[in-house]
Amino acid sequence: MINFTLFLQFFKFGAMCFGGGYMIIPLLFQQYVEKDNLFSLTEFGNLLSISQLTPGAVSMNTATYVGFLRNTWSGALTATVALALPTVLIAFIALTCIKKFENSCFVKGVLQGGRWAALVMLGYAAVLFMGMSIFTAPLPIMQTKEFLLSGHWENPDNFGINYSGLCVFLLSLILMTKTKLSMTSIIITAGVVGLISSVALAGTIDDTPFYPDSCLNGTATGWTNACECYQGFSGALCTEESLTSCTGLSCPANQYCNNGFCHDLTHYSPIITDKGTFLLSRSLMTYSEAQEFCRKLSAKMVTRADFDCHGTGAGCLNTILLNKIQQTTRLRGFIWLDSHSNKTDAYYADLNDGVIYQSNKNNRKYTQALCLLKEFK
Amino acid sequence: MLPVIEEEFSKKRKLLAQKDILDMIAMTQTVPGLIAVNSAVFVGHKLNGLWGMVSAVFGVICPSLFIIMTIAGLFPLLAIKNPVILSSFECIRAAVTAIFIMTTIRLSKKIIHRPLDVFVVIGLFIALLVGINAVYLILTAISIALVVSMKEYCAERKIP
């Protein structure tokens, strides 16, 4: 089924590449980054960079890459063949009636339109790439549109100039205009510059992961106190009072203390799957549902008690807990689903870099886990 | 792509005449699609009919398939979190940005001649930025170009 969808999508892309292979970039971007959330913008950029760097046509390389990521070798084969097929068909028809083809105003029209479209698509690809190299965030296009329409300007998130990116960009521009270096060698030069500079600057770069404030300033050490800090992400801190009201209770063995009350373990069953996802269910799943979920995924299930945690809430996702989870499970990351006040928040914690991604960031890893959950339900 | 084909098939192996090469260049420029695939179709068909075409296209697909599958399978580069490699990728993206901008400038010099070109290209570009589906925009570009070329055709032949 994945292969069938891939075939249709790449056949469509192939049929749209009137003016050459670069036209596939905006098509891929709209389909896989904006619509399906399969890649983040940076991952998409890296994917295209690798395709540009390796021998072979860029469009073919990208098709193979996306196909492979979607469905290993069969996906790669499907996507690449599907991309080439429309061109093969058109070229074959053109060969068999080339004389009629050459001077018709229909062909001239199609080609002129293809050239216009190719230029527009290439320009758009350049704009996309600026947002992930020279600038620290995508260009504020939507904000500009909003401003022009309603006169209301909203500052974009984290938008600024990425100075190291800008330097390499200018350097590459100079190399391209002043020397006869091939594109591949310019890309490799840039990669080497990046390697050297990051080794040279190692230690000076501040890459503090994003933690809720309450976890950083130590007020949300609720895990060790078997207390929960509900509003960790929205900024409210665990108070001394809430800590004592919690620790003051002694709960039965099959229950744990939370926000001043003893709660049944069955409603708070963390699950660890071998696929690298961790679903902390609250009202989303009962204990038996969770067991079923793990069985279907042929995954291992672990309860919260396995890493000595007796509370819940994103606010308490602190460094100690992250380390503990990684030591216990050797996972690469996990998904955290947390439902409260009638809405469900999702977080993805990456155990390699210790970063917690929030659901509203359109994160791919988190989206994939949500899909798994939906399929099960 | 085209100079490599000329070198291999015309100069080295003498399989294609100079005229065929010129035909091929004309064809890749008059038939829409991916240039690598177009030329593979032409050379393959010229040398060995339908099967020649199929094997030439297969040959053009193979490098991508093998190289990319090896890279994606053995070195899952996109999943790497190593800061050194990520920073190297950051610089590579900057270089690719420069390449895209230069290619855009070169292409626009080739394509934009008339006021109509400027008008259409800017209009389509804004529409794409605002988030309109690229497929519709490509089809719009082609329809506009078709209408224009039909009009020119009629004007030349004095058809009302």
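Quick look at the structure, then.

**Some points on the overall build of chain B**
Phase 1 of the analysis: For chain B, the helix and strand inventory stands at 6 helices and 0 strands.
Phase 2 of the analysis: When the helices and strands of chain B are read in sequence order from the N terminus, they spell out α-α-α-α-α-α.
Phase 3 of the analysis: For chain B, the proportion of its 160 residues judged to be buried stands at 42%.
Phase 4 of the analysis: Counted over contacts in chain B with a minimum sequence separation of 6, partners at least 24 positions apart contribute 31%.

**A few points about the packing of helix α8 (residues 163-178) of chain A against helix α4 (residues 83-111) of chain B**
Phase 1 of the analysis: Where α8 of chain A contacts α4 of chain B, the axes come no closer than 8 Å and their chain directions differ by 45 degrees. Taken as axis vectors, α8 of chain A and α4 of chain B run oblique relative to one another. Both α8 of chain A and α4 of chain B take part in a crossing whose hand is right-handed. From α8 of chain A, Ser164, Gly165, Val168, Phe169, Ser172, Leu173, Met176 and Thr177 of chain A reach across to α4 of chain B, where they touch Glu90, Cys91, Ala94, Ala95, Thr97, Ala98, Ile99, Ile101, Met102 and Arg106 of chain B.

**Describing the nonpolar core**
Phase 1 of the analysis: Ranked by internal contacts, the top residues of the largest apolar core, which has 109 residues, are Phe10, Tyr32 and Phe44 of chain A together with Ile138 of chain B.
Phase 2 of the analysis: When residues in this core are grouped by element, the largest group, 15 residues, is from helix α6 (residues 105-130) of chain A.
Phase 3 of the analysis: Filtering out sequence-adjacent residues up to four positions away, phenylalanine 10 of chain A remains in contact with Ile24, Leu28, Tyr32, Ala63, Val66, Ala79, Ala82 and Leu83 of chain A.

**Remarks on the state of the cysteines**
Phase 1 of the analysis: A full pass over the atoms with the stated rule returns 0 disulfides over all chains.
Phase 2 of the analysis: Of all cysteine sulfurs, the one in cysteine 91 of chain B lies closest to cysteine 167 of chain A, which takes part in no disulfide; the gap is 9.2 Å.

**So, the interface of chain A and chain B**
Often, the extent of an interface is quoted as the loss of accessible area on bringing the components together.
Phase 1 of the analysis: Taken together, the contact between chain A and chain B spans 102 residues of the former and 80 residues of the latter.
Phase 2 of the analysis: For the pairing of chain A and chain B, the buried interface totals around 8,000 Å² over both sides, and the portion due to carbon and sulfur atoms is 81%.
Phase 3 of the analysis: If you look at where chain A meets chain B, you find 13 residue pairs in polar contact (both at pLDDT 80 or more).
Phase 4 of the analysis: The class makeup of the residues in the side of chain A that touches chain B is 62 nonpolar, 31 polar and 9 charged.

**Considerations on unusual backbone geometry**
Residues and elements named next belong to chain A.
Phase 1 of the analysis: Positioned with a positive phi, threonine 72 is a non-glycine residue whose angle comes to about 40 degrees.
Phase 2 of the analysis: One can find threonine 72 in helix α4 (residues 58-96).
Phase 3 of the analysis: Classification of threonine 72 by relative accessible area gives partly exposed; the value is 42%.

**A look at helix α9 (residues 183-200) of chain A**
Residue and element names in this part refer to chain A.
Phase 1 of the analysis: Look at α9: 26 Å from first C-alpha to last across 18 residues, which is about the 26 Å you get at 1.5 Å a residue.
Phase 2 of the analysis: Buried residues of α9: Ile186, Ile187, Ala190, Gly191, Gly194 and Ser198, and no others. Projected down its long axis, α9 carries its buried residues within an arc of 140 degrees, all on one side. Among the exposed residues of α9, those oriented more than 90 degrees off its buried face are Ile196, Val199 and Ala200.

**Considering the packing of aromatic side chains**
Residue and element names in this part refer to chain A.
Phase 1 of the analysis: The final tally for this structure, using the stated rule, is 8 aromatic pairs over all chains.
Phase 2 of the analysis: Residues phenylalanine 10 and phenylalanine 13 carry aromatic rings whose centres are separated by 5.2 Å and whose planes lie at 80 degrees to one another, so their mutual orientation is edge-to-face. Pair noted here: phenylalanine 10 and phenylalanine 13 are both in helix α1 (residues 2-16), with a separation of 3 residues, about one helical turn.
Phase 3 of the analysis: Taking the relative accessible area as the measure of exposure, phenylalanine 13 reaches 1% and is therefore buried.
Phase 4 of the analysis: Taken together, the ring pairs in this structure connect Phe10, Phe13 and Tyr32 into an aromatic cluster.

**A few points about a nonpolar patch on the surface**
All names here are of chain A.
Phase 1 of the analysis: Taken together, the side chains of Ile188, Val192, Leu195 and Ile196 make up a nonpolar region of the molecular surface, amounting to roughly 340 Å² of accessible area.
Phase 2 of the analysis: Checked against the element boundaries, isoleucine 188 lands in helix α9.
Phase 3 of the analysis: For isoleucine 188, a relative accessible area of 46% puts it in the partly exposed group.

**Quick look at the pattern of salt bridges**
Charged atoms that come close allow side chains of opposite charge to pair.
Residue and element names in this part refer to chain B.
Phase 1 of the analysis: For the structure shown, the criterion picks out 2 salt bridges over all chains.
Phase 2 of the analysis: Aspartate 117 is the partner of arginine 114 in a salt bridge, and the nearest nitrogen-oxygen pair spans 3.5 Å.
Phase 3 of the analysis: Look at aspartate 117 and you get buried, because its relative accessible area is 1%.
Phase 4 of the analysis: On the basis of relative accessible area, arginine 114 is assigned to the partly exposed category, the value being 30%.
Phase 5 of the analysis: Several salt bridges converge on common partners, so that one network encompasses Arg114, Asp117 and Glu152.

**A short note on the environment of valine 57 of chain B**
Phase 1 of the analysis: For valine 57 of chain B, the location among the structural elements is in helix α3 (residues 35-74).
Phase 2 of the analysis: Judged by relative accessible area, valine 57 of chain B falls into the buried class, the value being 8%.
Phase 3 of the analysis: In the structure, valine 57 of chain B is positioned 13 residues away from glycine 44 of chain B in sequence and 7.7 Å away in space, judged by C-alpha atoms.
Phase 4 of the analysis: Contacts of valine 57 of chain B, omitting those with residues within four sequence positions, involve Val88 of chain A together with Ala40 and Val41 of chain B.

**Some words on the packing of helix α3 (residues 41-53) of chain A against α4 of chain B**
Phase 1 of the analysis: The N-to-C vectors of α3 of chain A and α4 of chain B enclose an angle of 70 degrees; their axes lie 9 Å apart at closest approach. In terms of orientation, α3 of chain A lies roughly perpendicular with respect to α4 of chain B. Crossing angle aside, the handedness with which α3 of chain A passes α4 of chain B is left-handed. Counting all contacts with α3 of chain A, which are made through Thr42, Gly45, Asn46, Ser49, Ile50 and Gln52 of chain A, the residues of α4 of chain B involved are Phe89, Ile92, Arg93, Val96, Ile99 and Phe100 of chain B.
Phase 2 of the analysis: Residues of the contact of α3 of chain A with α4 of chain B, tallied by class, amount to 6 nonpolar, 5 polar and 1 charged.

Parameters at a glance
Residues numbered from 1 in each chain as written. Chains lettered and ligands numbered in written order. Predicted model: local features only at pLDDT ≥ 70, side-chain atom pairs only at ≥ 80, totals over all residues. Heavy atoms only, no water. Helix = DSSP H or I, 4+ residues; strand = E, 2+ residues; numbered from the N terminus. Buried < 20%, exposed > 50% of the residue type's maximum accessible area, 1.4 Å probe, protein only. Contact = heavy atoms within 4.5 Å. Axes fitted to C-alpha atoms, helices over the stretch in contact; angles between N-to-C directions. Parallel < 35°, antiparallel > 145°, perpendicular 65-115°, else oblique. Left-handed = near helix turned anticlockwise from the far one by under 90°. Core = buried A, V, L, I, M, F, W, Y, C linked by side-chain atoms within 4.5 Å. Disulfide = S-S within 2.5 Å. Buried area = accessible area lost by both parts, 1.4 Å probe. Polar contact = N/O pair within 3.5 Å; in protein donor to acceptor, adjacent residues only side chain to side chain. Nonpolar A, V, L, I, M, F, W, Y, C, P; charged D, E, K, R; others polar. Expected span 1.5 Å × (residues − 1). Arc of directions from axis to C-beta. Phe/Tyr/Trp six-rings, centres within 6.5 Å; stacked < 30°, edge-to-face > 60°. Patch = residues over 30% accessible without salt bridge, like charges linked within 9 Å, V, L, I, M, F, W, Y side chains within 5 Å. Areas by Shrake-Rupley, 256 points an atom, 1.4 Å probe, with all protein chains shown as cover. Salt bridge = Lys/Arg side-chain N within 4 Å of Asp/Glu carboxyl O.

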